[in-house]
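Listed below are the residues making up each chain.
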Amino acid sequence: MTSRMGIDEDSGETKGGMWDLDQKLDQPMDEEAGRLKNMYREKKFSALLLLRLAFQSLGVVYGDLGTSPLYVFYNTFPHGIDDTEDVIGALSLIIYSLTLIPLLKYVFIVCRANDNGQGGTFALYSLLCRHAKIKTIPNQHRTDEELTTYSRSTFHEHSFAAKTKRWLEAYPFRKNSLLILVVIGTCTVIGDGILTPAISVLSASGGIKVDHPKMSNDVVVVVSVIILVGLFSLQHYGTDRVGWLFAPVVLLWFLLVGGIGIFNIWKYDSSVLRAFSPVYIYRYFRRRKMEGWTSLGGIMLSITGTEALFADLAHFPVSAIQLAFTVIVFPCLLLTYTGQAAYLMQNKEHVVDAFYRSIPDSIYWPVFVIATLAAIVASQATISATFSIIKQALAHGCFPRVKVVHTSKKFLGQIYIPDINWILMVLCIAVTAGFRNQSQIGNAYGTAVVIVMLVTTFLMTLIMLLVWRCHWVLVLLFTVLSLVVECTYFSAVLFKVDQGGWVPLVIAAAFLVIMYVWHYGTVKRYEFEMHSKVSMAWILGLGPSLGLVRVPGIGLVYTELASGVPHIFSHFITNLPAVHSVVVFVCVKYLPVYTVPEDERFLVKRIGPKNFHMFRCVARYGYKDLHKKDEGFEKKLFDNLFLFVRLENMMEGCSDSDEYSLYGQQTQNSADYLLRNNGNLTTANNDFTCSTVDSIIPVKSTNQGNSTVTSSGRESSQAEVDEMEFLIRCRDAGVVHFLGNTIVRARRDSRFYKKIAIDYIYAFLRKICRENSVIFNVPHESLLNVGQIFYV
C-alpha cells in the first residue's frame, strides 16, 4: 500500500498515511445524495375529532387549574379578612393573573413553541439543540440534520440570532448552564406531580368538616390517602381511558362552579365586578403593604396547573387545548372566583371554607362529590405531565433508563411509567400525611410553580431569538413583561420557604442530583468510548479473518459511536480467539427531535472489503419514539441490512447509460452521484470499491425489502445472491448481542464530592435502572456482556 500524507484542515498539521487510510475506511455516515425529502407533517384533525380531543383534554390537562378555587382565597387570607375592599383587590389580582399567564402567555404564545406537538421544558431544549450546537453529548452528525423531522432555520451571519447562537456555543460552561436550567424546570414539574394531588385531594376532602365541624382532621387525611392510592392505581389504564372517565366529571365541574358563581354574584354582591378594573390592584398593595405582598403566594395558586398545560401537549393537539381553555375553562374560572368574592363580601369570616360555604345548601353534597372527583382529576394533569417530561429527559440522557409503556395506539404521546408512578404515590402520601394542612402545602406548591414559569420564560426568550427569529424589541417586551409578573410572585413565595415552601426545593434538589449525576456519567462514558476506540485501519490490517477464527453466526456489537471500532470489541477479540463470520456494529442514539420516521430510522454502511463481512448500523430515535417489542429491534435491523446489500449490488451493476430509480423517488442527480461514486477510486482488488468503503444508504422498510432489487430489468448479480445466502445462513446459525458492561470509577485523586457522585450515586443508579438488553428485547441466551472499567 502506498503511504500518503493527509492534511488536517482545521489544525493544518500533517498526518501520517495510517491516519489518511482510517479517514477513508471509516468516515462518519454520509447522507444519500439527492434524496428528496417528503416533509413529515402532523395529520390534520377533523372538526368532530377536534371537539372530542378538546373534551378529553378537560379530564387530563385542566383539572389542576379547575380545582384551584378550592383553596385560593384561604391561602390568600390565612389570618382572616380585615376589610372587604381587600377581597376586591385579591379578585382583581386573580383575574389579571389568569389573563396574563395562562391565557396570553401559555395558551397563545408558549404553546406555539411546541416541538411538533410536544410540550415541556425538554421539548423547548430540543428545539434549541437543533438550531444551535449546544447538546452536551456530541454524538450528532450532519446526516441527522437531513431528517424530515429535523426542522431548523439558517441565520444571517450578522443577525442578532447568529450572535446569540455563537455566544451560546462559545463555551461548554454556557451549554452546561442551559442544561442545568432545563433540568431544574423538569425537577420542579416532578415536584408539582407530588404536591398537586396532595393539596387538591386534601382540600376537597376537607369539605366533610364543613358539615361536621367536630370531625377530627385525621379522618380527612385518611380519606385523602385512600383516594390517592386509588388514583395512582388507575394510571396503568392510560391517558386515553382516564381522559374519557374524567372528562365528563371536569366538564360538569366547570359548569357547576361557573353556575354557582353567577348565582352568588346575583345573590350577594354584584359590586365585585369592579375588580375587572386594575386600579384595585394598586389600592390593594397601598392598603396592605407587606402583608399584601406576601399574600401573592396565595394568589399564585390560582394559576397552578398552567405548567402542566404546556407539558401535557404531548397527549393532545394544541388546537384542542386552546379550544377547551378559551370556551370552557377561562370563563368558568372567572365566574367562580368572582362568585366566591361576592359571597365573602358579606361573609368574610368564612374565608377558611369559602368555596364550600358559598354553595347553596340544596346542592351541597352533589357538589362535594363532584369536587372530590375533580380533585382526583386535577392530580391526573400533573401526573401525566410528569410522565411526558421524564420520557423526554430519558431520551436526552438526563434520566436513568426506566420502563415506558405507550397506552394508546392512536396517540404516541400518551404514556405510563410504572416506576415513577409508584414513587410519586409514596412521596405524595408522605406530603399529605406529614403536613396535614393545605396552607403549608399551598406555600410549597406556589414555590414549585413559579420556578417552572421562570425557567420557561428564559427558554422562550431563546426560542423567540433562534427559532422564531423575532425582532429583539418583541423578545425584550415578552421577557420583561413575563419576568416582572413572575419575579413579583417569586419574591412573595420566598417569604414562605420556612412555612412549607422548602418541600419542592428539597424534592427538586434530590431529582436534580439524580438527573445531573446520570447525565455526567453518560457524557463521561461517551467520551471514554471516543478516546479508547480502535482505528479501523488496525482492524483491517489483521486481514479478512481479523487474525482470528471466524465462527458461523452474526455478532451485533452495541456501541454509542457512529464511527470507529468500540473498545469492547477490541477488548473481546484480544481475549478470545474467535469472532463471528458477520460483525455488525450497532449504534443506537437519540436525536433532539420528537420522532424519526420509520423509513429514515436505520442507516447502514459496509466497513472494509466485502470478504470482511463487517457492517455498521445506526438506529436513530426521537424522544417520542419507543422500541416496539412486538416488531422486534433485531428483525428490523436485519431487514434493513439485507435491503442495503441489495441496493449496494444494484448500484455496482449500473452503467453510465442506465436509468434507474430507487423506489421511484430518486432524481437523475442521485443516479449521477451514485454512478460517479461507483466508478471512482476502484483499486486493483475487485472487492474493494468506493461504494463498499464509504458509501451509505438510508434504507427504507418497504415491501421492496422482501423482493430482489433489479437494475434495468436484469437479474440481480450472482455476488448479491451469494452474499444474501451467506448472511441468511449466518443469521440462522445464531445471533449474539455484545453489550458493554461498563463500570465507572472516580480516580483516586478525585475530590470527595466526585467520588460520592460517581462511586455511589451513579453506581447505584446504574444498578437499579433497566438494562439495555431489556430495552432492545435481547434474549438472555443470546447476550454476551463484555466487562470493562474506566476512571473519570
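Up top is the structure these notes are about.
Residues numbered from 1 in each chain as written. Predicted model: local features only at pLDDT ≥ 70, side-chain atom pairs only at ≥ 80, totals over all residues. Heavy atoms only, no water.

Draft legend 1. Up close: the overall build of the chain. A tally of helices and strands in the chain yields 29 helices and 11 strands. A separation threshold of at least 6 residues defines the contact pool for the chain, and within that pool the share at least 24 residues apart is 83%. If you sum the accessible surface of the chain, you get close to 32,400 Å²; carbon and sulfur atoms cover 59% of it. (Helix = DSSP H or I, 4+ residues; strand = E, 2+ residues; numbered from the N terminus. Contact = heavy atoms within 4.5 Å. Areas by Shrake-Rupley, 256 points an atom, 1.4 Å probe, with all protein chains shown as cover.)

Draft legend 2. Molecular detail of the side chain of Thr-338. Topologically, Thr-338 is positioned in helix 15 (residues 318-346). Dropping the residues within four chain positions of it, Thr-338 is found in contact with Leu-91, Ile-265, Val-272 and Leu-273.

Draft legend 3. Focus on a nonpolar patch on the surface. A surface patch of nonpolar side chains, amounting to about 580 Å² of accessible area, comprises Phe-160, Trp-472, Val-473, Leu-476, Val-480 and Val-484. For the nonpolar patch, the element with the highest residue contribution is helix 20 (residues 472-494), accounting for 5 residues. Its location among the elements puts Val-473 in helix 20. Residue classification places Val-473 among the partly exposed residues on the basis of a relative accessible area of 43%. (Patch = residues over 30% accessible without salt bridge, like charges linked within 9 Å, V, L, I, M, F, W, Y side chains within 5 Å. Salt bridge = Lys/Arg side-chain N within 4 Å of Asp/Glu carboxyl O. Buried < 20%, exposed > 50% of the residue type's maximum accessible area, 1.4 Å probe, protein only.)

Draft legend 4. Quick look at the packing of helix 8 (residues 172-205) against helix 18 (residues 418-435). In contact at an axis separation of 9 Å, helix 8 and helix 18 are set at 50° when each is read in the N-to-C sense. By the angle between their directions, the pair helix 8 and helix 18 is classed as oblique. Handedness of the crossing formed by helix 8 with helix 18: right-handed. Residues Ile-190, Gly-193, Ile-194, Leu-195, Pro-197, Ala-198 and Leu-202 of helix 8 lie in contact with helix 18, whose contacting residues are Leu-424, Leu-427, Cys-428, Val-431 and Thr-432. (Axes fitted to C-alpha atoms, helices over the stretch in contact; angles between N-to-C directions. Parallel < 35°, antiparallel > 145°, perpendicular 65-115°, else oblique. Left-handed = near helix turned anticlockwise from the far one by under 90°.)

Draft legend 5. Local environment of the nonpolar core. In this structure, Tyr-62, Phe-73, Phe-254 and Leu-309 are the most contacted members of the largest nonpolar core, which totals 160 residues. Dropping the residues within four chain positions of it, Leu-309 is found in contact with Val-61, Tyr-62, Leu-65, Tyr-106, Val-107, Cys-111, Ile-321 and Phe-325. Of all hydrophobic cores here, the second largest spans 27 residues; its members include Tyr-621, Phe-644, Leu-727 and Val-735. (Core = buried A, V, L, I, M, F, W, Y, C linked by side-chain atoms within 4.5 Å.)

Draft legend 6. Molecular detail of the side chain of Asn-421. By secondary structure assignment, the location of Asn-421 is in helix 18. At 2.9 Å, the side chain of Asn-421 and the backbone oxygen of Phe-232 are in polar contact. Setting aside residues no more than four positions away along its own chain, Asn-421 makes contact with Phe-232, Gln-235, Phe-387 and Tyr-416. (Polar contact = N/O pair within 3.5 Å; in protein donor to acceptor, adjacent residues only side chain to side chain.)

Shape descriptors only; they carry no functional weight alone.
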